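# Topology and contacts: notes
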Amino acid sequence: MSESTSLSTTDELIIGIDLGTTNSLVGVVDSGFPIILADAQGDRLTPSVVSYAAPGSPQVGRPALRSASAAPSATIASAKRYLGRPFSDLSNEELAAPPFRLVARKDGGIGFAMPDSTLATPEEASAEVLSHLKKVAEEVLETEVNRAVITVPAYFNNSQREATKAAAAKAGLTVERIINEPTAAALAYGLDKLDDDQTVAVYDLGGGTFDLSVLQMRDGLFEVIATAGDTQLGGDDFDAALAASVAEELKLGELSPEESTKLMAEARKAKEALSESETYPLRLPFFREGESYELELTRDRFDAEISELVNRTGSICRRAFAEAGQKGVDTIDHLILVGGSTRVPQVQQKLKEWFGHEPNLSQHPDEAVALGAAIQAGILCGRVRSIVLVDVTPLSLGIETFGGLMNVIIPRNSTIPAKAGELFTNAVTNQPGMAIRVLQGEREMAKDNWLLGDIEVPFSPGPKGSARVGVQFAIDRDGILEVLARDTATGEDHLLEIRNSAVDVDDDEVEKMVSESVDYAFDDMNERVWTEAKLKSEELLPAVEMAMAQVGESLDEAEAAEIAEAATLVRSILEGGTHDAVALKAANKTLDAATQTLAALLVEAAFSEM
Ligand code: ADP
Ligand code: MG
């Protein structure tokens, strides 16, 4: 039996991180449940703020936020806005927005010029936030943490994703996977159990950005089918709108940067309080030359100040839905709210009107993304074998099916003894028999798994789908796998016994197989979908050809052309060599649809011959 030390590198836990523009969080799956970790002060949200004001190591989070009003030009907020973007990308508006100075780096990226004339970068500032979260996790979990799943906005391009990874590397974290924020949120809401083709709208209104994503469940995976948003619209704008109205009423006139920061902070407090209560007494003690100000604010007033901003998110939603080919915003199956600003009652109320849907509020909107990241991280490390060695199958056992796919019969980590079976049929007419290849491993394609043995089951020739072969796997207490294949027509049994190898596999080999299966999960899944689509194409093409030969002449020209075009597309994707599974599936569907009339003609012809 292996000792636990050799497992240290792959058995480590993985944390999930929401690296937000305004706030960042870290979570982990603990005893089966995802949880968000709190720092020593009990805070789960870490403001994504880094202060380079004092010499030595920079301050992060709340302490940095506190020093912001004293040293605005040395306090980096919203570093995420600048990650992985070229300086030339910045609009004049963006250049003027922050209280710190943005400059071009030698490599063309964006830098922050600090008052002490040092240069900070978005990667460095983000690395400070990440390394703070890593520390929080290490303190709570009392173990070293080196691996993370990190979320990014769905619209992040490759360079922004790479910059996120670079920031993680600087913080000493290996990124096991980058996942899209809306997908993470959907995971947190448990929406990964949805049926195919269900659509989910994720409305994410954070501190500085608004993102609307439409997800669709396809083949058990979420696909982002549309994203829209405004990178300059969020809770900060609510603060600014309220602050401006307060400044006007109090006749504050021109504000210094320090005063402006202070007023914005107060406006934000007022805004957050007004989500709960109808009124809030705003106070600005010793605001200017010893003078204090006070103002009673109401939710109605706040609502009026922000209603135009909120309505803007509505237009964006409608536009995104049109682009996604959805009929209207009310055609979606689920609406989930993400981001702290969705706590504003007016936002929830308008969403209900627009979407005609009760939004799902079962999760904290500002924690959902991190929770989803934690779940994804948990899935990834859950696939790694646990230290406790109970008698389980170390790897999945199955057989190869048509198209070279792995069909799992006994999944990995099943307790033994175990028994399971499935019924198979012939995929080809007049197939003389079936070769049952017994495989072990976690990969989607049979060829990537280990072949344990094979048996040939002959059967009498018949049309496709006529044969019935039951395959049963049984592993006994000693780890001996017995494969029984029975031709149910004749009752004839074929037995194969595989000694030990079913359970007794070298630990390193198991680790290698499992980690490869994780590494190749996406490619493998694509390959599986591709293979399935390819089988479908190979069935469709000759069928269409035959039908055209038989009854094609009765079609009108346009229909015949449509079929020819659809078939050509399928063929070109098949021969294209890129294995674009999604494209092939779509092309099959088009061909299938184009041949409706043809199919009807065939049936008619068959009847008239009778
Ligand atoms: P991000 O994803 O941009 O990092 P969050 O999702 O954490 O940001 O959202 C931060 C925003 O949510 C801030 O503007 C904050 O003021 C706002 N917010 C947090 N709580 C509330 C509340 N109770 N009412 C209104 N706004 C809130
Ligand atoms: Mg966010």
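Just so it is clear, the structure is predicted and the values come from calculations on it, not from any experiment. (Residues numbered from 1 in each chain as written. Chains lettered and ligands numbered in written order. Predicted model: local features only at pLDDT ≥ 70, side-chain atom pairs only at ≥ 80, totals over all residues. Heavy atoms only, no water.)

### As for the domain arrangement of the protein chain
In terms of domain boundaries, the protein chain breaks down into domain 1 (1-189 + 363-382), domain 2 (235-306), domain 3 (393-506) and domain 4 (521-608). Distance between the C-alpha centres of domain 3 and domain 4: 31 Å. The interface of domain 3 with domain 4 comprises nine residues on the first partner and eight residues on the second. Taken over both partners, the interface formed by domain 3 and domain 4 buries close to 740 Å², and the fraction arising from carbon and sulfur atoms is 55%. For the domain 3 face of the interface with domain 4, the top three residues by lost area are Leu405, Glu444 and Met445, together amounting to 61%. (Domains from an automatic or database assignment. Contact = heavy atoms within 4.5 Å. Buried area = accessible area lost by both parts, 1.4 Å probe.)

### Side note on the packing of helix 6 (residues 235-249) against helix 7 (residues 257-274)
In a pair of packed helices, the angle between the axes and the distance between the axes together describe the arrangement. The interhelical angle for the contact between helix 6 and helix 7, taken along N-to-C directions, is 110 degrees, at an axis separation of 8 Å. Between helix 6 and helix 7, the angle is such that the two are roughly perpendicular. Every residue of helix 7 that contacts helix 6 at Gly235, Asp236, Phe238, Asp239, Ala240, Leu242, Ala243, Val246 and Ala247 is listed here: Leu263, Met264, Ala267, Arg268, Ala270 and Lys271. The residue inventory of the contact of helix 6 with helix 7, partitioned by class, reads ten nonpolar, one polar and four charged. (Axes fitted to C-alpha atoms, helices over the stretch in contact; angles between N-to-C directions. Helix = DSSP H or I, 4+ residues; strand = E, 2+ residues; numbered from the N terminus. Parallel < 35°, antiparallel > 145°, perpendicular 65-115°, else oblique. Nonpolar A, V, L, I, M, F, W, Y, C, P; charged D, E, K, R; others polar.)

### Let's talk about the packing of aromatic side chains
Tallied over the full model, the rule gives eight aromatic pairs. For the ring pair Tyr82 and Phe112, a centre distance of 5.6 Å and an interplane angle of 75 degrees mean the geometry is edge-to-face. With a gap of 30 residues between them, Tyr82 in the loop between strand 7 (75-77) and helix 2 (92-96) and Phe112 in strand 9 (residues 110-113) connect regions that are remote in the sequence. Assigned by exposure class, Tyr82 and Phe112 land together as buried. Judged by centre distance (4.8 Å) and plane angle (55 degrees), the rings of Tyr203 and Phe210 are tilted. Across the pair, exposure class does not vary: Tyr203 and Phe210 are buried alike. Site record: aromatic cluster; members linked through ring pairs are Tyr82, Phe100 and Phe112. Of note, Arg318 hangs over the ring of Trp354, and the distance from its end group to the ring centre comes to 5.7 Å. (Phe/Tyr/Trp six-rings, centres within 6.5 Å; stacked < 30°, edge-to-face > 60°. Buried < 20%, exposed > 50% of the residue type's maximum accessible area, 1.4 Å probe, protein only. Lys NZ or Arg CZ within 6 Å of the ring centre and 35° of its normal.)

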